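A look at the structure
In case you want the letters, here they are:
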Amino acid sequence: MSLPAPTSDALAASHALQRLIAADIARHAGAIPFARFMELALYAPDLGYYSGGAAKLGPQGDFTTAPEITPLFGAALARVAAAIMAQSAPRILEFGAGTGKLAHDILSELAQAGVHVEQYAIVELSGELRARQETALAAFPQVVWLDGFPDAFDGVVFGNEVLDAMPVDLVRKKAGRWCELHVGVEEGEFAFVERPCGADILAQIAAQIPAPDELPDGYVSELHGIARGFMRSLARMLGAGKAGAAILLDYGFPAHEYYLGQRAAGTLMCHYRHHAHAQPFYLPGLQDITAHVDFTAMALAAQDAGLEVLAYMNQAAFLLGAGIGELLLRTDPADARAFLPRANALHKLVSPAEMGELFKVLVVGRGVELAAPLLAADRSHRL
């Protein structure tokens, strides 16, 4: 691969993480599940991608998210939040708040609209990102940081590109049976090692993948056990409250689109300095590792734990239903210098060729209803 060279300090940090992972592999009879490798690569204290000190987002980072593209994204979400908070409580909880840009734009829009927000809580695992959030949100005294799920919550929960960064297990079909892909060390390098599936992995395959027996030999896919657990925890938290909803935005597919022949190599993807590739063992700790989200699995996990699936749609339909077009028209189209950059940014968010179709929005909750334009766009019957 032709990728930008890391600095000497970054390379030293990656080597330290590689030694830590290799030691963990040695302690576990020479191989660990891929989910464990991914967990260490992303979240090992001080060395993992999200717990280290390198920039993750923006021009100097590895990828860009929707809030970084335009404040219209956060303003549209603020409109949805205001309607839900009116039915529940004036509180917002965001998981994985990135640079703090989304929180800033949501709070700014709500303040401009005269909507009171009692508390905006953030659960953030990255020390580098939390430091950036504290700077970006210094003007909003209602922002607090939490270490994990509160016991109960009323209000609105946001998770923008959170589910895709949760560790996944990998499985491969071989000779008509499924095996699990673990990670071992061969000739000093990390490598995949096949292991028989245990009862838990077989149960996950049966619960998550439709018609697994019909998939061809060699087929590789991800199991989203940790993300499904997150959805169950979300359901417990909202279930302990009176009313609220969680809005989860990410790239992915419903199950009937996820497990297709064209995705026989799985959806695992890595991001390094705005380059995307599929090599998870490249410079651990210096690159993001993600997998597309199985939204059917997420919806079922939430539903089975007591939440209602309020809506599911692509990002374009959600943002348009939230009124992002009206927000754009706050800028006079006759002022081309101001209007065109905003219009181009909106196009990137809603175009089917950009983020509009690949990114989906799942809304789950209890005791609240979405506004009519969003309900009209609902495609939860396709999950």
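Okay, so let's go over this structure. Just so you know, these numbers come straight off a predicted model, no measurement behind them.

1. Looking at the pattern of salt bridges
A full pass over the atoms with the stated rule returns 13 salt bridges. Across the pair Arg91 and Glu118 runs a salt bridge, and its minimum N-O distance is 3.0 Å. You can see Arg91 sitting in strand 2 (residues 91-95) and its partner Glu118 sitting in the loop between helix 5 (101-112) and strand 3 (119-123), a full 27 residues away along the chain. Owing to a relative accessible area of 27%, Arg91 belongs among the partly exposed residues under this scheme.

2. A few points about the nonpolar core
With 54 residues, the main nonpolar core has Leu77, Ile92, Ile106, Ile247, Phe318, Leu319 and Val363 as its most contacted residues. Among the elements that line this core, the one with the most residues is helix 4 (residues 71-85), at 10 residues. Residue contacts for Ile106: discarding those within four places in its chain leaves Gly74, Leu77, Ala78, Ile92, Tyr120 and Phe158. Formed by 30 residues, the second largest nonpolar core is a distinct cluster that contains Ala227, Leu248, Ala301 and Ala302.

3. Structural notes on the packing of aromatic side chains
By the definition in use, this model includes 16 aromatic pairs. Centre to centre, the rings of Phe37 and Phe190 are 5.5 Å apart; their planes meet at 70 degrees, and the pair counts as edge-to-face. Here the residue Phe37 occupies a position in helix 2 (residues 34-43), and Phe190 occupies one in strand 8 (residues 189-196), the gap between them amounting to 153 residues. Phe37 gets classed as buried once you look at its relative accessible area, which sits at 0%. The class for Phe190 is buried, based on a relative accessible area of 13%.

4. Let's talk about helix 10 (residues 295-304)
Where burial is concerned, most of helix 10 is hidden: 7 out of the 10 residues are buried. Restricting attention to buried positions, one finds in helix 10 the residues Phe295, Thr296, Ala297, Met298, Ala299, Ala301 and Ala302. Of the residues flanking the start of helix 10, the one acting as N-cap is Asp294, its side-chain oxygen 3.0 Å from the backbone nitrogen of Thr296. Backbone geometry just after helix 10 places Gly306 at a positive phi near 110 degrees.

5. Regarding the pairing of strand 5 (residues 155-160)
Most of strand 5 is tucked away: 6 of the 6 residues are buried. Of the pairings in the sheet, the one linking strand 5 to strand 10 (residues 244-253) comprises 6 bridges and is parallel in character. Looking at strand 10, one finds that Val157 is bridged to Ala246.

6. Focus: helix 8 (residues 225-239)
Quick reminder: α-helices carry 3.6 residues per turn. Residues three or four places apart thus point the same way. When the terminal C-alpha atoms of helix 8 are compared, their 21 Å separation across 15 residues agrees well with the 21 Å that a helix rising 1.5 Å per residue should span. Of the positions making up helix 8, those classed as buried are Ala227, Arg228, Gly229, Phe230, Met231, Ser233, Leu234, Ala235, Met237 and Leu238. Tucked inside the fold, the buried residues of helix 8 contact strand 2, strand 5, helix 7 (199-208), strand 10, helix 10 and strand 16 (359-366).

Conventions adopted
Residues numbered from 1 in each chain as written. Predicted model: local features only at pLDDT ≥ 70, side-chain atom pairs only at ≥ 80, totals over all residues. Heavy atoms only, no water. Salt bridge = Lys/Arg side-chain N within 4 Å of Asp/Glu carboxyl O. Helix = DSSP H or I, 4+ residues; strand = E, 2+ residues; numbered from the N terminus. Buried < 20%, exposed > 50% of the residue type's maximum accessible area, 1.4 Å probe, protein only. Core = buried A, V, L, I, M, F, W, Y, C linked by side-chain atoms within 4.5 Å. Contact = heavy atoms within 4.5 Å. Phe/Tyr/Trp six-rings, centres within 6.5 Å; stacked < 30°, edge-to-face > 60°. Polar contact = N/O pair within 3.5 Å; in protein donor to acceptor, adjacent residues only side chain to side chain. Pairing = 2+ DSSP bridges. Expected span 1.5 Å × (residues − 1).

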